Amino acid sequence: GTFIGEYDGRAVNLGDATGIVTTISGIITTTSTTCSDAACFEELINSVIDKFSTSVTDESLTDAIIAWAYERLPPVKQLWDTWVVTTSFDSSTGTNPFTITADSTSGLEVTVGGSFDINFDFTQVTTVADLKLLATYFTNAITSTLDDEGNLPSGASIELTTICGVDLATATDPVECSSTSSAIEYTSTMYLAHDADAEAITTSVSDALSNPTTIQGVTSAVIAEASAGVSVPLIQVTTSGSLSVTNFDTTSFTADETAEAFTFFDDAILETLVSQGLVSPGSSVVVTSISSGSIQYNLITHVDASVDTASATSEIQTALSSSSTMTAISTSVITAASTSSSTTLSTATESLAVSSSAVGTPIESDVFKVTTSGEFSVTSLDLSTLTTSAEIIEASKYFEDAIAEQLESAGLLPAGSTVTITGIVDGVVEYEIALYASTTSASETTVSRIGNLFSGSASSTVLRAISSSVVSAASTSSSSAISSTLSNVSIDLFTAGATTGIPSTSGAVASSLVSALQSLSIKSFTPEEAAIRSLAKYYPDWVNKKTCVNDGREPPFIKEIGDGYMFDTAKQCCSIWFSYDEACGQSASALSALKYYPLFDAGECGVAPYNELESK
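Residues numbered from 1 in each chain as written. Predicted model: local features only at pLDDT ≥ 70, side-chain atom pairs only at ≥ 80, totals over all residues. Heavy atoms only, no water.

1. With respect to the overall build of the protein chain
For the protein chain, the helix and strand inventory stands at 16 helices and 18 strands. Looking at the 616 residues of the protein chain, the share that counts as buried comes to 40%. Look at the contacts in the protein chain between residues 6 or more apart in sequence, and 72% of them connect residues 24 or more apart. Put simply, the protein chain shows about 31,500 Å² of open surface, and 52% of that area lies on carbon and sulfur atoms. (Helix = DSSP H or I, 4+ residues; strand = E, 2+ residues; numbered from the N terminus. Buried < 20%, exposed > 50% of the residue type's maximum accessible area, 1.4 Å probe, protein only. Contact = heavy atoms within 4.5 Å. Areas by Shrake-Rupley, 256 points an atom, 1.4 Å probe, with all protein chains shown as cover.)

2. What to know about the pairing of strand 6 (residues 284-290)
As defined by bridge partners, strand 6 adjoins strand 7 (residues 294-303) across six bridges and the pair is classed as antiparallel. Looking at strand 7, one finds that Val 286 is bridged to Asn 298. Hairpin geometry of strand 6 and strand 7 is characterised by an intervening segment of three residues between the two adjacent antiparallel strands. (Pairing = 2+ DSSP bridges.)

3. Quick look at the packing of aromatic side chains
Applying the stated criterion across every chain, the model contains 19 aromatic pairs. When the centroid spacing of 5.9 Å and the interplanar angle of 70° are considered together, the rings of Phe 248 and Phe 253 count as edge-to-face. Through pairs of rings, three or more aromatic residues link up here, namely Phe 376, Tyr 431, Phe 454 and Phe 494. (Phe/Tyr/Trp six-rings, centres within 6.5 Å; stacked < 30°, edge-to-face > 60°.)

4. Digging into the state of the cysteines
Per the stated rule, a full pass over the model turns up two disulfides. Each disulfide pairs two cysteine sulfurs, and for Cys 548 the partner residue is Cys 573, the sulfurs being separated by 2.1 Å. One quick way to see it: the torsion about the S-S bond of Cys 548 and Cys 573 is about -80°, and its sign makes the bridge left-handed. Taken as a pair, Cys 548 in strand 16 (residues 547-549) and Cys 573 in helix 16 (residues 570-577) lie far apart in primary sequence, 25 residues in all. Accessibility assignment for this pair places Cys 548 and Cys 573 in one class, buried. (Disulfide = S-S within 2.5 Å.)

5. Let's talk about the nonpolar core
Membership of the largest hydrophobic core comes to 47 residues, with the highest contact counts inside it found for Ile 118, Phe 120, Phe 122, Leu 134, Phe 138, Leu 160 and Ile 163. When residues of this core are assigned to their parent elements, the largest contribution, ten residues, is made by helix 3 (residues 128-148). In terms of nonpolar packing, the next biggest core, distinct from the first, is built from 38 residues, Ala 404, Ile 424, Val 429 and Val 470 among them. (Core = buried A, V, L, I, M, F, W, Y, C linked by side-chain atoms within 4.5 Å.)

6. Focus on the pairing of strand 10 (residues 418-425)
Pairing of strand 10 with strand 11 (residues 428-437), which is carried by seven bridges, proceeds in the antiparallel orientation. The residue of strand 11 that forms the bridge with Ile 421 is Tyr 431. Count of turn residues in the strand 10/strand 11 antiparallel hairpin: two residues, of which Gly 427 carries a positive phi of about 85°.

7. Considerations on the confidence of the model for the protein chain
Predicted confidence across the protein chain gives a mean pLDDT of 83, with 88% of residues reaching 70 or more. In the predicted structure, residues 502-509 sits below a pLDDT of 50 and forms eleven contacts with residues beyond four places in sequence or in another chain. Across residues 588-593, confidence stays below pLDDT 50; counting only partners more than four residues off in sequence or on other chains, it has 26 contacts. (pLDDT = per-residue confidence, 0-100.)

8. Some thoughts on the pattern of salt bridges
Tallied over the full model, the rule gives six salt bridges. Measuring nitrogen to oxygen at the nearest pair gives 2.4 Å for the salt bridge that ties Asp 568 to Lys 537. In this pair, Asp 568 is assigned in the loop between helix 15 (556-561) and helix 16 and Lys 537 in the loop between strand 14 (531-534) and strand 15 (539-541), connecting sequence segments 31 residues apart. (Salt bridge = Lys/Arg side-chain N within 4 Å of Asp/Glu carboxyl O.)

9. Considering the packing of helix 10 (residues 389-409) against helix 11 (residues 440-455)
Axis separation between helix 10 and helix 11 bottoms out at 11 Å; the angle between their running directions is 115°. Comparing their axes, helix 11 and helix 10 come out roughly perpendicular. For the element pair helix 10 and helix 11, the recorded crossing hand is right-handed. Of the residues in helix 11, those in contact with Ile 403, Gln 406 and Leu 407 of helix 10 are Ile 450, Leu 453 and Phe 454. Grouping the constituent residues of the contact of helix 10 with helix 11 by class yields five nonpolar, one polar and no charged. (Axes fitted to C-alpha atoms, helices over the stretch in contact; angles between N-to-C directions. Parallel < 35°, antiparallel > 145°, perpendicular 65-115°, else oblique. Left-handed = near helix turned anticlockwise from the far one by under 90°. Nonpolar A, V, L, I, M, F, W, Y, C, P; charged D, E, K, R; others polar.)

10. Quick word on the environment of Val 128
Relative to the helices and strands, Val 128 resides in helix 3. Residue class for Val 128 comes out buried when judged on its relative accessible area of 8%. Separated by 47 residues in sequence, Val 128 and Val 175 have C-alpha atoms that sit 6.6 Å apart.

11. Re the side chain of Thr 485
Tracing the backbone shows Thr 485 in helix 13 (residues 480-485). Here the side chain of Thr 485 touches Thr 385 through a polar contact of 2.7 Å, side chain to side chain. A distance of 2.7 Å separates a polar atom in the side chain of Thr 485 from the backbone oxygen of Ala 481. Excluding residues that lie within four positions of it along the chain, Thr 485 makes contacts with Ser 380, Asp 382, Leu 383, Thr 385 and Leu 386. (Polar contact = N/O pair within 3.5 Å; in protein donor to acceptor, adjacent residues only side chain to side chain.)

12. Section: the packing of helix 11 against helix 12 (residues 459-474)
Where helix 11 meets helix 12, the axes come as close as 6 Å, and the angle between the chain directions of the two elements is 85°. When the axis of helix 11 is compared with that of helix 12, the two are roughly perpendicular. Contacts between helix 11 and helix 12 involve Leu 453, Phe 454 and Ser 455 on the former and, on the latter, Ser 459, Val 462, Leu 463 and Ile 466.

13. As for a nonpolar patch on the surface
A cluster of nonpolar side chains, Trp 542, Val 543, Phe 557 and Ile 561, forms an exposed patch at the surface whose accessible area comes to about 400 Å². Mapped onto the secondary structure, Val 543 falls in the loop between strand 15 and strand 16. (Patch = residues over 30% accessible without salt bridge, like charges linked within 9 Å, V, L, I, M, F, W, Y side chains within 5 Å.)

14. Section: unusual backbone geometry
With omega at -5°, the peptide bond leading from Asp 173 into Pro 174 counts as cis. Looking at the secondary structure, you find Pro 174 in the loop between strand 3 (166-167) and strand 4 (181-192). Positive phi, close to 70°, is recorded for Glu 59, a residue that is not glycine. Counting through the fold element by element, Glu 59 comes out in the loop between helix 1 (38-57) and helix 2 (60-71). A relative accessible area of 43% means that Glu 59 is categorised as partly exposed. Although it is not a glycine, Lys 546 sits at a positive phi angle of roughly 50°. Looking at the element boundaries, Lys 546 is found in the loop between strand 15 and strand 16. On the basis of relative accessible area, Lys 546 is assigned to the partly exposed category, the value being 22%.

Structure follows, in structure tokens:
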């Protein structure tokens, strides 16, 4: 086989890989001599993904790795007992060379909008949260209805802009919206090839939305989603922060000790902020780096749209900068480290003190919260020897961390999402997962994949990995009761629980909003004129249009040279290649270059733009 690193046949010193789980990422590049459109290439991409996925699930990739490890000269013994987790393969969306996106250098960006005149009691819309909830219902309804009818171009997106005259981008509480007959306006952005008939496509979308059948479909979809109560928008706020720490020397820490110290600070920061009512219990803290003098972390919280995140962040910074809070964090870390099985870690933290704090600017993103629950049947789980609540909490934490580890490795725990053990008794562990994603459909897909991870054909490997992780973590506990109780646990069965959306933070108002939507009716649809923008750069077209154009049809030699031939604006191109033509670049479709023509009466030649010659 091929040598790793040096090509001299020397042995590869990988170290002992027993029990180590490694994530491997890579890029697969596929070429085709037959595909000439997006659909063909998409089929090719999916075929490659399916083949690779199958090699993981049927363990043929595992067999190939082991075979290679045996056949290589010299062999790689550390890989003889390795295996690929059959549920671990995940793929990102492939890059299709024929697909036009906002980042493409050819194609058209087409923006078209419209408004629905609706009958609805807008007095029920009183907060920004209500507006966003209503916007979500209509966005999902318009998108799904057009998609189901085959009238939504691939890659097109729908975005609501105003509701009852209120701009969603700048709305503030309280929302003043009292009309019972008003408009909901939206824009749709799509990316098309240069030779696509953009006008015909946008007209088709507008005609579909004007159709009574489509209007009824949108109405029904809004009412159905509102009734289900699954789409409540929240804002995910990610804030970076740092703590300056004295009397804390990490230079002798091993990787495991550093990881354990991470968890101590994770828990200490979060518990302190929760105890002061500054963040909700479902928030999370993730320490990103740790050194002898500094702790860097990210705080992820989820709040209602009406919350002033800047003020909330300021309150957090004020609290973290107070001496009492810094003392509380220091004490929490010292207490946790004192129970560590590592004397190096407990000694390094015994005089630790947080001396200052800094918090960065919060980053906001719109998300939806979906919770899904379940339970594991666990053999050899006898809690009779755990006599304190602290021991139960510690035992629960080991299961939480083990479950989260498997979900993260499978790409099923989005940023800010959490795993919480809601019950632990003899033989049974119950959990709840709070998922945060940009769309409800994304969370629904994740919930389905979690169910398959824990109960699918390869679930035994995952459940065994969770069990092993719990046993391994518990073995380091300072409590002999915990390490003994969890020493032989084994998860042998998963049972899915309920999946629900988060209830509205505005309770009665949300109930009234949903109730009012039951009588929703859409009276009419009014389309707007489409705006079409080329994504291509301008280039000099000496052969056809005799001017600077951005039609995406530049010759190969111009593409290859680039500089001096391709420009961001028509003015730049014209100033270099058609400086003598005042009409250059005024119209992408006009033949505007100057042409000479005979003036027979004067016995000389005149000059005029090409597109004006017919009038001469």
